[in-house]
Amino acid sequence: MKKVVLTIVILLIATLTIIFIQNRYNDKESFNGRYSLETVTVKDLTLEEKISQMLIVGYISESIDNNLADIIIKNQPGGFIVQGVNFSTYEKTKKFIERINSYNAIPMFMCVDQEGGSVQRIKAMKDETLNIPSAKEVGNTNSESYAYNIGKIIGEQSRSLGLNTVLAPTLDLGTGNTLKDRTYSSDSSKVTKLGGEVGKGIEDQGLIAVYKHFPGIGSAKIDTHAGLSVINKTKEEMLNQDLKPFISLIDKMNMVMIGHTSYPKITGNNIPSSISKEIINDLLRNELGYKGVVMIDAINMKALSDNYSEEEIYKRGIEAGVDLFIMPSNSTNAINIVKELVNKDPTLEDKINESVERILNLKKKKLNNFISYNKDKFMNQEQINIINKKK
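Notes on the structure in this doc start here. Predicted, not measured: the structure shown is a model, and the values here were computed from it.

Strand order in the closed barrel formed by eight strands is β1-β2-β3-β6-β7-β8-β9-β10, and the pairing between neighbours is parallel. Judged from the four bridges that link them, strand β8 (residues 255-258) and strand β9 (residues 293-296) form a sheet pairing that is parallel. From the neighbouring strand, I258 faces β9, where its bridge partner is I296. Along the sheet face, helix α7 (residues 188-203) touches β6 (165-166) and β7 (208-214) and points at about 150° away from the line of β7.

Quick look at the structure:
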């Protein structure tokens with residue numbers, strides 16, 4: 001009898017918890033009903049909300065638990081990165097993605113690393129899915145139309161799930177060994193041509209393509225997941241080689257990702273480019289005239305995390321002109337760290353305001369009234385036929 005009563009009590013508590021959570025999720029007024037994307041401006045946001053817009057968070061689960069829900073509802077981050085561990089069946093994954101995004105008053109950058117080849121997180125799906133060819137395979141075709149169609153398929157597949165931001169294409173030159181199948185070519189003109197078409201294919205599906213890894217990490221000797229790599233090229237060498245694809249496509253890029261590699265012959269120090277004022281503010285923005293959003297590679301990668309505290313990463317990054325930080329270890333701590341940095345140096349808020357202005361402008365341009373595609377865009381015979389046409 002006691003076991004029966006205990007079971008009933010547990011079920012009742014679980015049911016009430018689910019109802020409570022669902023009510024919180026479905027009623028935006030309960031956590032942030034003040035803003036709509038169409039009308040919100042930087043001036044409308046508190047300091048905490050502005051900092052949150054600069055964070056792309058992740059979570060290790062294929063379902064939404066109380067902790068994840070509380071993180072999103074409380075902190076209202078600017079984006080969420082969907083990792084391999086978040087994928088389950090098509091229907092469950094789509095529900096996971098769309099519900100997370102629905103909890104925010106301001107739509108999130110719902111990101112996925114979907115280059116093709118060795119980097120295609122959607123392949124972790126438990127249902128059958130497409131096998132997107134690698135950048136190297138696309139490069140071997142030397143076909144602009146094939147590259148465009150691969151970008152289009154990546155965009156269709158991603159949008160079908162409710163994703164709106166694709167961390168591709170890779171514009172790095174294939175001159176080293178660390179990126180393996182992730183580069184289109186060692187020739188900058190070929191990378192520009194094919195990478196540009198993949199990016200256009202993604203963008204034409206209404207998504208944001210993230211061009212990476214500025215200013216070019218193709219010559220890196222160490223994978224930045226494992227440690228800091230130093231590229232000893234001069235500025236002239238970079239301008240004539242690695243930077244060419246970025247320069248050629250700079251007016252077409254809504255978002256660019258900065259890598260964690262250092263360039264001492266350009267900057268005069270070994271500070272990673274991702275938090276380097278000389279690389280982001282001076283080179284990318286001032287010299288090359290880039291006006292879009294700057295995202296940096298994940299801040300938990302060892303090239304950064306082994307050498308800098310989170311406080312140093314945020315301080316240097318904001319000063320350098322970083323707009324988006326991917327995968328803080330704890331978003332609440334990140335907000336508090338940056339708030340304290342602003343208390344110590346109020347001029348940092350000016351840089352934050354500039355970043356949030358760029359973020360909101362891009363969201364208004366690309367995410368306003370964003371609607372997912374149906375399942376038939378996720379995988380179909382036409383897409384399979386296109387993929388199999390590579391020569």
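Here the narrative resumes.
Time to look at the packing of aromatic side chains. One pass over the full model with this rule turns up four aromatic pairs. Relative to F325, the ring of Y314 has its centre 5.1 Å away and its plane inclined at 80°; by these criteria the two rings are edge-to-face. With Y314 in helix α13 (residues 310-320) and F325 in strand β10 (residues 324-326), this residue pair connects regions lying 11 residues apart in the sequence. With relative accessibility at 2%, the residue F325 sits in the buried group. The lysine or arginine in question, K363, covers the ring of F109, its NZ or CZ lying 4.8 Å from the ring centre. The ring of Y373 carries K377 above its face, with NZ or CZ at 5.7 Å from the centroid.

The subject of this paragraph is empty space enclosed by the protein. Under the criterion given, the structure shown has two cavities of 30 Å³ or more. Within this model, the second largest cavity holds a volume of roughly 40 Å³. Together, E115, A135, A168, P169, T170, R182 and Y184 line the second largest cavity. Of the residues assigned to the lining of the second largest cavity, the class counts are four nonpolar, one polar and two charged.

Next up on the list: the pairing of strand β3 (residues 109-112). Of the two faces of β3, the one lined by F109 and C111 and the one lined by M110 and V112 are each fully buried. In this sheet, β3 lies alongside strand β2 (residues 79-82) in parallel orientation, the contact comprising four bridges. Within β3, the residue paired with G79 across the bridge is F109. Pairing between β3 and β6: two bridges, direction parallel. What sits directly across from C111, in β6, is T165.

A few words now on the environment of T267. Positionally, T267 belongs in helix α10 (residues 264-267). Taking the C-alpha atoms as reference points, T267 and K235, separated by 32 residues in sequence, lie 9.1 Å from one another. Those residues in contact with T267, other than ones at most four positions away along the chain, are S276, E278 and I279. For T267, the side chain forms a polar contact with the main-chain oxygen of N269, separated by 2.9 Å.

A few words now on the layout of surface pockets. Here the largest pocket is characterised by a volume of approximately 540 Å³. Contributing elements (two or more residues each) for the lining of the largest pocket: β2 and β7. The class makeup of the residues in the lining of the largest pocket is 13 nonpolar, eight polar and eight charged. When its volume is computed, the second largest pocket comes out at roughly 300 Å³. For the lining of the second largest pocket, the residue count by class is seven nonpolar, nine polar and three charged.

Moving on, we get to the packing of helix α3 (residues 66-75) against helix α14 (residues 331-344). At a minimum axis distance of 10 Å, the contact between α3 and α14 shows a crossing angle of 30°. It follows from the interaxial angle that α3 and α14 lie roughly parallel. Across the interface between the two elements, I71, K74 and N75 of α3 pack against S331, T332 and I335 of α14. Each residue belonging to the contact of α3 with α14 can be placed in one class, and the counts come to two nonpolar, three polar and one charged.

Thresholds, definitions, all that
- Residues numbered from 1 in each chain as written.
- Predicted model: local features only at pLDDT ≥ 70, side-chain atom pairs only at ≥ 80, totals over all residues.
- Heavy atoms only, no water.
- Pairing = 2+ DSSP bridges.
- Helix = DSSP H or I, 4+ residues; strand = E, 2+ residues; numbered from the N terminus.
- Contact = heavy atoms within 4.5 Å.
- Axes fitted to C-alpha atoms, helices over the stretch in contact; angles between N-to-C directions.
- Phe/Tyr/Trp six-rings, centres within 6.5 Å; stacked < 30°, edge-to-face > 60°.
- Buried < 20%, exposed > 50% of the residue type's maximum accessible area, 1.4 Å probe, protein only.
- Lys NZ or Arg CZ within 6 Å of the ring centre and 35° of its normal.
- 1 Å grid on protein atoms, 1.4 Å probe; cavity = no way out; pocket = protein on both sides within 12 Å on 5 of 7 lines; lining within 4 Å.
- Points joined across faces, edges and corners; volume = space filled by probe spheres on them.
- Nonpolar A, V, L, I, M, F, W, Y, C, P; charged D, E, K, R; others polar.
- Polar contact = N/O pair within 3.5 Å; in protein donor to acceptor, adjacent residues only side chain to side chain.
- Parallel < 35°, antiparallel > 145°, perpendicular 65-115°, else oblique.

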